[in-house]
Amino acid sequence: MLEIQTKHLPPDIVVLEITGRITIGRECKQLEWATDTLVREKQEKKIIFDLSGVTHIDSTGVGIIVMSAGLAKQAGGELRLAGASKHVEQVLKLTSVDKLVSCNPTVSEAAVGF
């Protein structure tokens, strides 16, 4: 199961705390929709995905992260990642996502200079 909680860091950063698996299936669509809603409807442009609670990610999850980063960039913003476990970080490096999206050890480090 995938759970997403939204938090705000002043002044204008949105953190999506993600828990569970970002893998193929209906649940990972929630992450896509959440990002889409933030960018298109709420005009949020600074987004951090807190991946510290993510246990597994597959190619579908990688695709959603890349697509979400593209959405934020189109809106003039940026997506950053934080707190990836060793396994998740390995997947992000193998797929070169770490070259597209800033990967940080913690949310507070991801927020620096946003």
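The model shown is predicted, which means the values in this text are computed figures rather than measured ones.

(A) Main features of the layout of surface pockets. Each pocket or cavity is described by its volume, and for the largest pocket that value is around 160 Å³. Considering the residues around the largest pocket, the lining is formed by Val-66, Ala-69, Gly-70, Lys-73, Gly-77, Glu-78, Leu-79, Leu-100, Val-101 and Ser-102. With four residues, the top contributor of residues to the lining of the largest pocket is helix H2 (residues 59–74).

(B) Structural view of the nonpolar core. Core analysis: the biggest nonpolar cluster contains 26 residues, and Ile-18, Ile-22, Phe-49, Leu-51, Ile-65, Leu-79 and Leu-81 have the highest contact counts within it. Sorting the residues of this core by element identifies strand S2 (13–22), helix H1 (27–41), strand S3 (46–57), H2, strand S4 (78–82) and helix H3 (86–94) as the ones contributing at least two each. In contact with Ile-65, not counting residues within four places along its chain, are Phe-49, Ile-57, Leu-79, Leu-81, Leu-92, Val-97 and Val-101.

(C) Spatial organisation of the environment of Leu-81. By secondary structure assignment, the location of Leu-81 is in strand S4. Among the residues examined, Leu-81 registers a relative accessible area of 2% and is labelled buried. Counting along the chain gives 51 residues from Leu-81 to Gln-30, while the straight-line C-alpha distance between them is 17 Å. Other than its neighbours up to four places away in sequence, Leu-81 contacts Phe-49, Leu-51, Ile-65, Leu-92, Val-97, Val-101, Ser-102, Cys-103, Asn-104 and Ala-110.

(D) Focus on the pattern of salt bridges. Throughout the structure, instances matching the rule amount to six salt bridges. Across the pair Lys-46 and Asp-12 runs a salt bridge whose closest N-O atoms are separated by 3.4 Å. Separated by 34 residues along the polypeptide, Lys-46 in strand S3 and Asp-12 in the loop between strand S1 (2–9) and S2 bring together distant segments of the chain. Classification of Lys-46 as partly exposed rests on a relative accessible area of 23%. With a shortest N-O distance of 2.4 Å, Arg-40 and Asp-36 are connected by a salt bridge. Taken as a pair, Arg-40 and Asp-36 lie in helix H1 at a separation of four residues, close to a single helical turn. Relative accessible area serves as the criterion here: at 26%, Asp-36 is assigned to the partly exposed category.

(E) Examining the sheet that holds strand S5 (residues 102–104) more closely. An order of S1-S2-S3-S4-S5 is seen for the five strands of this open sheet, with the pairing classed as mixed. In this open sheet, the two edge strands, each paired with only one partner strand, are S1 and S5. Within this sheet the neighbouring strands show an average axis-to-axis angle of 25°, counted without direction. Direction of pairing for S3 relative to S4: parallel, over a ladder of five bridges. Residue pairing across strands places Phe-49 opposite Leu-81, the latter belonging to S4. Sitting on the sheet, H2 is in contact with S2, S3 and S4, with an inclination near 140° to S4. Packing against the sheet, H3 makes contact with S3, S4 and S5, and its axis sits at approximately 115° to S3.

Rules of the game
Residues numbered from 1 in each chain as written. Predicted model: local features only at pLDDT ≥ 70, side-chain atom pairs only at ≥ 80, totals over all residues. Heavy atoms only, no water. 1 Å grid on protein atoms, 1.4 Å probe; cavity = no way out; pocket = protein on both sides within 12 Å on 5 of 7 lines; lining within 4 Å. Points joined across faces, edges and corners; volume = space filled by probe spheres on them. Helix = DSSP H or I, 4+ residues; strand = E, 2+ residues; numbered from the N terminus. Core = buried A, V, L, I, M, F, W, Y, C linked by side-chain atoms within 4.5 Å. Buried < 20%, exposed > 50% of the residue type's maximum accessible area, 1.4 Å probe, protein only. Contact = heavy atoms within 4.5 Å. Salt bridge = Lys/Arg side-chain N within 4 Å of Asp/Glu carboxyl O. Pairing = 2+ DSSP bridges. Axes fitted to C-alpha atoms, helices over the stretch in contact; angles between N-to-C directions.

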